[in-house]
Amino acid sequence: TLPPLELQLKSWHSIDPSLRTIVLIVSAAGAALAEEAQRAAASLATDLLVETSSSDRETLYLFRRRAAAVDGLWLLPDNDALSPPVLRELLSYASSRGIGVLTFNEALLARGALLSATAVPADVASAVAQVVERVVAGRTAELPAMTPLSAAELAVNVDAATALGLPRVTAQRWVAREPN
């Protein structure tokens with residue numbers, strides 16, 4: 001249940017308009033998401049540096065290598081490239097370098113992430129209902145492997161925003177939706 005990547009990135013830009021260069025580190029299994037993220041970044045004139053990692057420790061190494069050249073770290077759920085200890089180290093390192101982090105889990109805000117983007121339960125339920133209706137009707141021939149969602153629940157770590165000097169943070173939580 002991953003909210004639309006373009007919607008995540010637009011929301012990040014709404015609170016940090018100075019965001020220009022982001023690093024995204026994924027495993028080989030996350031390559032399809034990386035391609036979608038590249039398209040989203042291109043639509044917003046943002047440089048997205050994609051690195052492929054084969055382990056959690058390599059993820060940490062790759063981020064440390066790129067940290068001087070980026071102002072954002074985008075974390076997507078990826079068990080092959082992330083682990084709880086490495087997430088803690090990534091967030092600590094990013095915070096110490098003044099790098100904002102967009103994450104997939106609200107619990108990581110307490111560890112120093114700037115913004116979390118999670119699925120909206122009603123949006124997930126609607127998407128599931130549409131898939132079930134298609135399956136029951138026998139219309140599965142063109143059913144996509146992943147059913148896209150259309151909304152994201154966003155939460156901001158106000159302390160992280162303040163530390164990054166972001167003046168536009170007025171809401172701590174909101175829902176963003178793709179236009180119909």
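Every residue gets a number counted from 1 within its own chain, in the order that chain's sequence is written. Under the rules for a predicted model, residues below a pLDDT of 70 receive no local features and side-chain atom pairs below 80 are neither given nor counted, while totals for whole chains, interfaces and linings still include all residues. Side-chain calculation: all heavy atoms of the structure are included, whereas hydrogens and water are not.

1. Considering the packing of aromatic side chains
Item 1. Ring geometry is summarised as follows: Phe, Tyr and Trp rings, the Trp one being its six-membered ring, pair when their centres sit within 6.5 Å, and such pairs are stacked at plane angles under 30 degrees, edge-to-face over 60 and tilted between the two. Here the structure, examined in full by the defined rule, presents one aromatic pair.
Item 2. Taking 5.9 Å as the distance between ring centres and 80° as the angle between the ring planes, the aromatic pair formed by Phe-63 and Tyr-93 counts as edge-to-face. Of this pair, Phe-63 sits in helix 3 (residues 56-66) while Tyr-93 sits in helix 4 (residues 84-96), placing them 30 residues apart in sequence.
Item 3. Three exposure classes are used, based on accessible area relative to the maximum for each residue type with a 1.4 Å probe and protein chains only: buried under 20%, partly exposed in between, and exposed over 50%. According to the relative accessible area criterion, Phe-63 is buried, its value standing at 0%.
Item 4. Residue Tyr-93 is classed as buried on the basis of its relative accessible area of 17%.
Item 5. For a ring to carry a charge above it, either NZ of a lysine or CZ of an arginine must fall within 6 Å of the ring centroid while also lying within 35 degrees of the normal to the ring plane. Positioned over the ring face of Tyr-93 is Arg-64, at 5.0 Å from the centre of the ring. Secondary structure elements follow DSSP: runs of H or I of four or more residues count as helices, runs of E of two or more count as strands, with numbering from the N terminus.

2. Examining the pattern of salt bridges
Item 1. One side-chain nitrogen of Lys or Arg within 4 Å of one carboxyl oxygen of Asp or Glu is enough to make a salt bridge. Tallied over the entire structure, the rule returns seven salt bridges.
Item 2. Across the pair Glu-6 and Lys-10 runs a salt bridge, and its minimum N-O distance is 3.6 Å. Placement of both Glu-6 and Lys-10 in helix 1 (residues 5-15) is noted, with a separation of four residues, approximately one turn of the helix.
Item 3. Classification of Lys-10 by relative accessible area gives partly exposed; the value is 41%.
Item 4. The residue Arg-173 makes a salt bridge to Glu-106 at a minimum N-O spacing of 2.3 Å. Here Glu-106 lies in the loop between strand 4 (100-103) and strand 5 (115-118) and Arg-173 lies in strand 7 (residues 173-177), a separation of 67 residues in the sequence.
Item 5. According to the relative accessible area criterion, Arg-173 is partly exposed, its value standing at 43%.
Item 6. On the basis of relative accessibility, which here comes to 32%, the residue Glu-106 falls in the partly exposed class.

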